[in-house]
Structures are given as C-alpha cells and as structure tokens.
Amino acid sequence: MINAISHSLLWVFDQDEALDFYVGKLGFDIHTDAQLEHMRFLTVNAPGQPDREVMLMLPKPPAVDESNAEAVRDIVAKGNGGGGLIVTTDDCRADYERLVAKGVEFTEEPTERFYGIDCAMRDPFGNPVRMTQPAADPSPPA
Amino acid sequence: MDRLYADALDIEWLAGSVHLSRAHFIRSFRDTFGETPHRYLQRRRIERAMALLRDTDRSVTEICFDVGFASLGTFSRTFRDVLGESPSGYRRQRAQGEPRPYIPGCIEMTWDRPPSGTFGEDSTGGRA
C-alpha cells in the first residue's frame, strides 16, 4: 500500500534564487542538485527530513510550452499557483523575526490559533509558505 | 502516446482513437502542443533511448526496437539529429561522466527529453 509522500513540486522561476530563499533563508538542505541533459534537477528538504523532497522546477520547455509557462508564472505570481508548503517550527515568533530581518515577505504575522501559533510568507515567486508552531495540546473550538 | 510509445503507433490509429480524421488530428495536435504527433513521439522515443543507453547494458539495436523504432538507420539518424552524436557515442560519453542521481521517471521523461527545437530540420521550436 502507499505509505508516504516522497516528492512534491513547487514552480520557481529561477533556481538559484529559489536556493537562496529555501536554503539560505529558511534553512532547508539541498537534497539533489544535478545538471541533466536538458534540465537542472534541484530538490530540497526540510532539515532532518531527507525522505521528503521538494522539487524546485522551472516551468519551461520541453515540459511546459512557452505560452503555458507564461500562464504558470502569472498564476504563481498572483498566489494562485496551487503549490505551497506548510512547515513546522519549534519557535514561530523567533523564526518570524529572524526571517523578517533577512528580508522575507510575510503576508501574515504570527497569530495564536487553537492549533498553535503560525504566520505566512511568500517565496520570491509567489508560492505561499505557512510556518506553524504546533500547540502542545491542540483543542479545537467546540 | 506517452504510454504506448514503443508500439507501432500509426497516425491512422491515433487519429481514430480520438475520432478525428488524419489531417484534422495532426492539425489539432500541432495547434495544441506546438508540434506534430510524429515529432512528439520521436522525442519521447529518443528520451527513453537515452535512458536505456545510460542505465542498461542492452545493445543499441535492442534499444532501437525497445523504444519503437522499426529500423536501426532511422533510429541512429534521428538520435544524431537530436543530440549531435551517435547512440554508442552517447553511451560511451555518459559512462565516463558523473553518476546520475535518482530522478523520478516522470520528471526525466517530461523535463529531460530533447526539446522540439533540437531537431535539425526545425529550429523554430514548434509553435512559431
């Protein structure tokens, strides 16, 4: 039976810029960075989670033709790309301050919720990234 | 076509499978995907041949038939058109390079296949 999600995909428009954000700012690890025949295969993973790769892919030929690539860039930039990540942290407020200082664009400041404290940012391309510090004992509202 | 690329796909059968005439099928396909069905199929086959040359010990002749080419001449000519080297040259060169990391098959087949514009007779990339 299916037992894990091993790979997921995020559209990025520049792989070096994506590395600067996901590795340089968020602290992800590079999992694979390989120049193949016609593409650079680039995946990252959250620290300590190498079995869950996020592929940072360019919408471009031959996978995506030019007109569709433009459409993808357009909807991702508007935040409607459909991709995105939700990550967990052990200290949402501290990470928020740290990332703000690094110039990360936040769309939501740290907010208390029944499930924990979380905030939301955009990657440089428009993909939403949500960062949650889970509550020790989440109790949904009745 | 993606799934059955190694079969002897003929254009009449492909057109019939979607209830279109041959001419209308080719035109609609080109308008939608920016290249003819024939070109699309060739790119798929060449990409799979590249993978088999890299990842297996099968002979060039076996690989030619594995991926659906009916003649070694056509296979070698098409391969050289696309990559600028022969199938055996490609294999030799790749055997010397860095080992290739694990790439999910769908990614390899979609992103790492020869772009349309690499074919000698068509430098426009298709939808010009």
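Just so it is clear, the structure is predicted and the values come from calculations on it, not from any experiment.

Undergrad: Explain the overall build of chain B to me, using residue names and the numbers behind them.
TA: What chain B contains, in helices and strands, is seven helices and zero strands. Tracing chain B from N to C terminus, the helices and strands come up as α-α-α-α-α-α-α. When each of the 128 residues of chain B is scored for burial, the buried share is 25%. Across chain B, the fraction of contacts at a sequence separation of at least 24, relative to all contacts at a separation of at least 6, is 56%.

Undergrad: Residues and numbers for the confidence of the model for chain B, please.
TA: Here chain B averages 85 in pLDDT, while 90% of its residues score no lower than 70. Interface confidence in the predicted complex, given as ipTM, is 0.73; pTM for the same model is 0.81.

Undergrad: I'd like a description of the sheet that holds strand β6 (residues 105-113) of chain A, backed by residues and values.
TA: Residues and elements named next belong to chain A. Strand order in this open sheet of four strands is β5-β8-β7-β6, and the pairing throughout is mixed. Each end of this open sheet is capped by a strand with a single partner; those strands are β5 (85-88) and β6. Strand-to-strand twist in this sheet, taken as the mean axis angle between neighbours without regard to direction, amounts to 15 degrees. One ladder, built from six bridges, connects β6 with strand β7 (residues 116-122); its direction is antiparallel.

Undergrad: Describe unusual backbone geometry, listing the residues and the values that go with them.
TA: Where the residue is not glycine, phi is negative for most of them; where a peptide bond is considered, it is trans in most cases. The amide bond that connects Pro61 of chain A to the next residue, Pro62 of chain A, takes the cis arrangement and shows omega of 5 degrees. When you line up the elements, Pro62 of chain A lands in the loop between β4 (53-57) and α2 (66-77). Phi at His19 of chain B is positive, roughly 60 degrees, even though this residue is not glycine. Residue position: His19 of chain B is located in the loop between α1 (11-17) and α2 (22-33).

Undergrad: Explain the sheet that holds strand β3 (residues 40-45) of chain A residue by residue, including any values.
TA: Residue and element names in this part refer to chain A. With mixed pairing, four strands are arranged side by side in an open sheet as β1-β4-β3-β2. The open sheet has two free edges, formed respectively by β1 (7-11) and β2 (29-35), since each of these has just one partner strand. When strand polarity is set aside, the average angle formed by the axes of neighbouring strands in this sheet is 25 degrees. Sheet topology places β3 next to β4; two bridges connect them, and they run antiparallel. If you follow Val44 over to β4, its bridge partner there is Val54. The strands touched by helix α1 (residues 15-25) within the sheet are β2, β3 and β4, with β3 carrying the most contacts at an inclination of about 10 degrees.

Undergrad: Please set out the environment of Arg122 of chain A residue by residue, giving values where relevant.
TA: All names here are of chain A. On the secondary structure map, Arg122 appears in strand β7. For the pair Arg122 and Leu85, spaced 37 residues apart in sequence, the C-alpha to C-alpha distance is 10.0 Å. With near-sequence residues (within four places) excluded, Arg122 lies in contact with Glu105, Thr107, Asn127 and Pro128.

Undergrad: How would you explain the packing of helix α3 (residues 37-55) of chain B against helix α5 (residues 72-83) of chain B if you had to name every residue and give the values?
TA: Residue and element names in this part refer to chain B. Following both chains from N to C, one finds α3 and α5 inclined at 90 degrees, their axes separated by 11 Å at the closest point. Taken together, α3 and α5 sit at an angle that is classed as roughly perpendicular. From α3, Gln42, Ile46 and Ala49 reach across to α5, where they touch Thr78, Phe79 and Val82. In terms of residue class, the contact of α3 with α5 is built from four nonpolar, two polar and no charged.

Undergrad: How would you sum up the interface of chain B and chain A? Please name residues and give values.
TA: The interface is formed by 15 residues belonging to chain B together with 13 residues belonging to chain A. No other element matches helix α7 (residues 105-111) of chain B, which puts three residues into the side of chain B that touches chain A. Across the side of chain B that touches chain A, the residue classes tally to eight nonpolar, four polar and three charged.

Undergrad: Which residues make up the environment of Glu112 of chain A, and what values go with them?
TA: Residues and elements named next belong to chain A. Mapped onto the secondary structure, Glu112 falls in strand β6. With 11 C-beta atoms counted inside 10 Å, the residue Glu112 sits in the exposed group. Each C-alpha atom of the pair Glu112 and Asp123 lies 22 Å from the other, and the pair is eleven residues apart in sequence.

Undergrad: Residues and numbers for the pairing of β7 of chain A, please.
TA: Residue and element names in this part refer to chain A. Between β6 and the antiparallel strand that follows it, β7, lie two residues. Note: β7 against strand β8 (residues 128-134), seven bridges, orientation antiparallel. Paired with Gly116 across the bridge in β8 is Pro134.

Undergrad: With reference to specific residues and values, describe the environment of Gln49 of chain A.
TA: Residues and elements named next belong to chain A. Along the polypeptide, Gln49 turns up in the loop between β3 and β4. A residue is classified by how many C-beta atoms lie within 10 Å of it, and Gln49, with 13 of them, is partly exposed. Linking Gln49 and Glu17, residues 32 residues apart in sequence, is a C-alpha distance of 22 Å.

Calculation rules
- Sequence order as written defines residue numbering, which begins from 1 separately in each chain.
- Chains carry letters and ligands carry numbers; both start at the beginning, A for chains and 1 for ligands, and go up in the order they are written.
- Side-chain atom pairs in this predicted model are given and counted only at pLDDT of 80 or more, local residue features only at pLDDT of at least 70, and totals for whole chains, interfaces and linings cover all residues.
- Under the scheme used here, helices are H or I runs from DSSP no shorter than 4 residues and strands are E runs no shorter than 2 residues, and both carry numbers assigned from the N terminus.
- In this scheme the burial state of a residue depends on its C-beta neighbours within 10 Å: 20 or more other such atoms mean buried, 12 or fewer mean exposed, and anything in between means partly exposed; the C-beta positions come from the backbone.
- By definition, residue pairs are in contact when their C-beta atoms, positioned from the backbone, come within 7 Å.
- Across the chain, each position has a pLDDT score giving the predictor's confidence in that residue, from 0 to 100.
- A pair of strands counts as paired when DSSP detects no fewer than two bridges linking them.
- Where helices are involved, their axes are fitted lines through C-alpha atoms of the stretch in contact, as for all axes, and angles between N-to-C directions lie from 0 to 180°.
- If an angle is under 35 degrees, it is roughly parallel; if it is over 145, roughly antiparallel; if it lies from 65 to 115, roughly perpendicular; otherwise it is oblique.
- Each residue gets one of three labels, nonpolar for Ala, Val, Leu, Ile, Met, Phe, Trp, Tyr, Cys and Pro, charged for Asp, Glu, Lys and Arg, and polar for the others, Gly among them.

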